[in-house]
Amino acid sequence: MALDEAIVMRTKGGLLEVSTVTATELFEQSVAYSVLGVDIGKTIARIRVPTTYRYHVELAPEWRFIRHDKTFIAIAPAVKPSLPVAIDTGKLEGESSGRWSVLTGDKLVTALQKSITSTLAERATSSKYISLQREHARQTLKEFVQKWVLSQDKWKASSDSQIRIFFADEPIEQIQANGFFPTAIPSSYGT
């Protein structure tokens, strides 16, 4: 792509990348063939590709901050995946096997390859992957609150507090189970 064809867009409000998950993902698809109901074999296509899932929180939505004794609680927006998921095409491995792979294998591998982006998007948004990265994202946000939020004049008095991070998609019961009750006035860190 020539530079004059590139489109640059601004990210309104900004994003804070909070975690990454790297994995080698495997994709498989098979097609069985039959003649008059008699099984005559199948073709199996497989693709392995290194992937990097990146997760972020939006900075623009309101964040809630609560002071409770010597604890500073931040309730951040829910973590979202940055899409599309990154793949290393230089290390993508595709193969086909089976009785009919010589005739149909390349076509099946190509079709499977076209499904990778949407399949990885589904995986990135799955509760499995969101849960997998959550504690790492929580640690990143703890550092963000310590270095940026608590350095603001409005919150400097809380700079020696213990910092607790919760996400907007976590049930309020989790916060209450930790002994915190969100009764303080919500505040946006950007104002």
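Residues numbered from 1 in each chain as written. Predicted model: local features only at pLDDT ≥ 70, side-chain atom pairs only at ≥ 80, totals over all residues. Heavy atoms only, no water.

A.B. asks: Explain helix α2 (residues 116-125) here, please?
C.D. replies: Residues of α2 that are buried include every one of Ile-116, Leu-120 and Ala-124, and no others. Taken around the axis of α2, the buried residues stretch over an arc of 70°, which confines them to a single face. On the buried face of α2, the contacting elements are β1 (15-35), β2 (38-58), β5 (80-87), α1 (101-114) and α3 (127-147). (Buried < 20%, exposed > 50% of the residue type's maximum accessible area, 1.4 Å probe, protein only. Helix = DSSP H or I, 4+ residues; strand = E, 2+ residues; numbered from the N terminus. Arc of directions from axis to C-beta. Contact = heavy atoms within 4.5 Å.)

A.B. asks: Looking at this model, I keep getting lost on the sheet that holds strand β4 (residues 71-76). Mind explaining?
C.D. replies: In sheet architecture, strand pairing relies on hydrogen bonds along the backbone and comes in two forms, parallel and antiparallel. Pairing is mixed in the open sheet, where 3 strands are placed in the order β3-β4-β7. At either margin of the open sheet sits one strand with a lone partner, and together these are β3 (64-68) and β7 (162-167). Put simply, the sheet's adjacent strands are angled 20° from each other on average, direction ignored. The pairing of β3 with β4 spans 5 bridges and is classified as antiparallel. Bridging from a neighbouring strand, Arg-67 pairs with Phe-72 of β4. (Pairing = 2+ DSSP bridges. Axes fitted to C-alpha atoms, helices over the stretch in contact; angles between N-to-C directions.)

A.B. asks: Just to check I follow, could you spell out the packing of aromatic side chains for this structure?
C.D. replies: Aromatic ring pairs: the centre-centre distance and the angle between the two ring planes describe each pair. Applying the stated criterion across every chain yields a total of 8 aromatic pairs. A centroid spacing of 5.2 Å and a plane angle of 75° characterise the contact between Phe-72 and Trp-155, whose relative ring orientation is edge-to-face. Highlighted residues: Phe-72 in strand β4 and Trp-155 in the loop between α3 and β7, separated in sequence by 83 residues. Like Trp-155, Phe-72 is buried. Ring geometry for Phe-144 versus Trp-148: centroids 6.0 Å apart, planes at 5°, classification stacked. Owing to a relative accessible area of 16%, Phe-144 belongs among the buried residues under this scheme. By relative accessible area, Trp-148 is classed as partly exposed at 35%. (Phe/Tyr/Trp six-rings, centres within 6.5 Å; stacked < 30°, edge-to-face > 60°.)

A.B. asks: Where do I start with the nonpolar core in this structure?
C.D. replies: A general feature of soluble globular proteins is that nonpolar side chains tend to end up buried together. Ranked by size, the top nonpolar core spans 35 residues in total, and within it Val-18, Tyr-53, Tyr-55, Val-57, Leu-141, Val-145 and Phe-167 carry the most contacts. Of all the secondary-structure elements, those providing two or more residues to this core are β1, β2, β4, α1, α2, α3 and β7. Those residues in contact with Leu-141 that lie beyond four places of it in its chain are Leu-16, Val-18, Val-57, Trp-63, Ala-76, Ile-165 and Phe-167. (Core = buried A, V, L, I, M, F, W, Y, C linked by side-chain atoms within 4.5 Å.)

A.B. asks: Before we go on, may I ask you to explain the environment of Val-109 in this structure?
C.D. replies: Turning to its location among the elements, Val-109 is positioned in helix α1. Classification of Val-109 as buried rests on a relative accessible area of 13%. Along the chain, Val-109 and Thr-43 lie 66 residues apart, while their C-alpha atoms are 9.9 Å from each other. Val-109 has contacts with Ala-45, Ile-47, Gly-94, Glu-95 and Ser-96, leaving out every residue within four places of it along the chain.

A.B. asks: For this particular structure, what's the right way to read the pairing of β2?
C.D. replies: Look at any regular strand and the pattern is simple: side chains alternate between the two faces of the sheet. Two elements, β1 and β2, share 20 bridges in a ladder whose sense is antiparallel. Residue pairing across strands places Val-31 opposite Thr-43, the latter belonging to β2. If you look at the hairpin formed by β1 and β2, you'll find 2 residues sitting between the two strands, and Leu-36 has a positive phi there, around 50°. Summarising the sheet, β2 and strand β6 (residues 93-98) pair through 6 bridges and their orientation is antiparallel. Opposite Arg-48, over in β6, you have Glu-93 as the bridge partner. Relative to β5, β2 is paired through 5 bridges, and the arrangement is antiparallel. Its bridge partner being in β5, Thr-52 is matched across the sheet by Ala-86.

A.B. asks: How should the pattern of salt bridges be read in this particular structure?
C.D. replies: Pairing of side chains with opposite charge becomes possible as their charged atoms draw close. All chains considered together, the criterion is met by 11 salt bridges. Close ionic contact of Glu-58 with Lys-80 constitutes a salt bridge, the shortest N to O distance being 3.1 Å. Taken as a pair, Glu-58 in strand β2 and Lys-80 in strand β5 lie far apart in primary sequence, 22 residues in all. The exposure class assigned to Glu-58 is partly exposed, which follows from its relative accessible area of 28%. On the accessibility criterion, Lys-80 (38% relative accessible area) is partly exposed. Lys-70 is the partner of Asp-160 in a salt bridge, and the nearest nitrogen-oxygen pair spans 3.0 Å. Of this pair, Asp-160 sits in the loop between α3 and β7 while Lys-70 sits in the loop between β3 and β4, and the two are 90 residues apart along the sequence. Accessibility assignment for this pair places Asp-160 and Lys-70 in one class, exposed. Members of the salt-bridge network, linked through shared partners, are Glu-28, Arg-46 and Glu-95. (Salt bridge = Lys/Arg side-chain N within 4 Å of Asp/Glu carboxyl O.)

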